[in-house]
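# Fold and contact review
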Amino acid sequence: MNREEYMKLLQHRLRRLPKEDYNRAIAYFIEYFEEAGPEREAQAIEDLGSPELAADQIIRDFAVENADGPAKNVKKGFSALWIGILAIFAAPVALPLALAFGAVILAMILVVAALIFSVFLIAVSLVLSALPCILVSLWLVFTSFADGLATLGYGLLILGVGILMTMLSILITRWCLHGMTRLFGLIVKGGKYYEK
């Protein structure tokens, strides 16, 4: 690769830069090649590296320089001013909205917790009501065999449903707690959740 090919590739890669930055970069490379001279052209190309890498480095340098520097025109300064003014006027609206959103989320969590707790209470009450039914069925077996067996079956059915509902409510509680933990983890970590 010679100087002309190198410069042509470099100009192609730097074409997206603003005109002022583009001209500064091209002038630097032209001056570099002129100082090296025709006899050290190959060494200069080797020192500079590939045109792609050199162009990428220049683009990064100009981006950092432009980001650190003050606004170059009045339009950018005014847009920053308008953003600041909008932020000041949005604060009285945004804060109550954020509080209302938090209250809605808290209400939803409380509703889910109340539903789970009520299912658990129903399950426990079924288990507790099945025990007297089973005890009464044992007495009824000796007085009226058919009524005693029916009552025993009814009591065992209620006991089974109560135990099943208790286990189900415990599983749902664990699932909800795990989901809320993951959700709060996502919120705290800024949307990045890593499963262990």
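Residues numbered from 1 in each chain as written. Predicted model: local features only at pLDDT ≥ 70, side-chain atom pairs only at ≥ 80, totals over all residues. Heavy atoms only, no water.

### A closer look at the pattern of salt bridges
As a reminder of what qualifies: Salt bridge, as used here: a side-chain nitrogen of Lys or Arg that lies within 4 Å of a carboxyl oxygen of Asp or Glu. Only DSSP runs of H or I covering at least 4 residues are called helices, and only runs of E covering at least 2 are called strands; the numbering of each starts at the N terminus. Three exposure classes are used, based on accessible area relative to the maximum for each residue type with a 1.4 Å probe and protein chains only: buried under 20%, partly exposed in between, and exposed over 50%.
What the rule picks out here adds up to one salt bridge. The shortest N-O distance in the salt bridge between Asp21 and Arg24 comes to 3.8 Å. Taken together, the positions of Asp21 and Arg24, both in helix α2 (residues 19-36) and three residues apart, correspond to about one turn of that helix. Taking relative accessible area as the criterion, Arg24 reaches 39% and is therefore assigned partly exposed.

### Thoughts on helix α3 (residues 41-48)
Given 3.6 residues to a turn, an α-helix orients residues that are three or four positions apart in the same direction. This is how the line gets drawn: The arc refers to the directions leading from the helix axis to the C-beta atoms.
Among the residues making up α3, those that are buried are Ala44, Ile45 and Leu48. Looking straight down α3, one finds its buried side chains confined to an arc of 100 degrees; they lie on one side. Seen from the buried face of α3, the exposed residues on the opposite side, beyond 90 degrees, are Ala42 and Glu46. Positive backbone phi, approximately 85 degrees, marks Gly49, located one or two places after α3.

### Quick look at the nonpolar core
Stated formally: Here, nonpolar core refers to any group of buried Ala, Val, Leu, Ile, Met, Phe, Trp, Tyr and Cys residues whose side-chain atoms link them within 4.5 Å. When checking whether two residues touch, look at their non-hydrogen atoms; a contact exists if any pair is within 4.5 Å.
Of all hydrophobic cores here, the largest spans 17 residues; its most connected members are Tyr6, Met7, Leu10, Leu14, Phe29, Phe33 and Ile58. Looking at this core, the elements that each hand over two or more residues are α1 (3-13), α2, α3 and α4 (51-68). Top contributing element to this core by residue count: α2, with five residues. With residues up to four places along the chain from it excluded, the contact list for Met7 reads Ile26, Phe29, Ile30 and Phe33. Formed by five residues, the second largest nonpolar core is a distinct cluster that contains Val127, Ala130, Ile158 and Leu159.

### Topic: a nonpolar patch on the surface
Rules: Like charges within 9 Å and nonpolar side chains (Val, Leu, Ile, Met, Phe, Trp, Tyr) within 5 Å are joined into patches, using only residues over 30% in relative accessible area that form no salt bridge. A 1.4 Å probe and the Shrake-Rupley method give the accessible areas. Residues count as covered only by the protein chains that appear here.
Judged by side-chain polarity, Phe101, Val104, Ile105 and Met108 come together as a nonpolar surface patch covering roughly 390 Å² of accessible area. Tracing the sequence through the fold places Val104 in helix α5 (residues 74-143).

### Thoughts on the packing of aromatic side chains
Keep this limit in mind: Pairing of aromatic side chains requires ring centres within 6.5 Å, counting the rings of Phe and Tyr and the six-membered ring of Trp. Pairs whose planes differ by under 30 degrees are stacked, by over 60 edge-to-face, and all others tilted.
Taken as a whole and assessed by the stated rule, the structure comprises four aromatic pairs. Here the aromatic rings of Tyr28 and Phe29 are separated by 5.4 Å at their centres, their planes lie at 85 degrees, and the arrangement is edge-to-face. On the basis of relative accessibility, which here comes to 47%, the residue Tyr28 falls in the partly exposed class. In this structure Phe29 comes out as buried when scored by relative accessible area, which is 3%.

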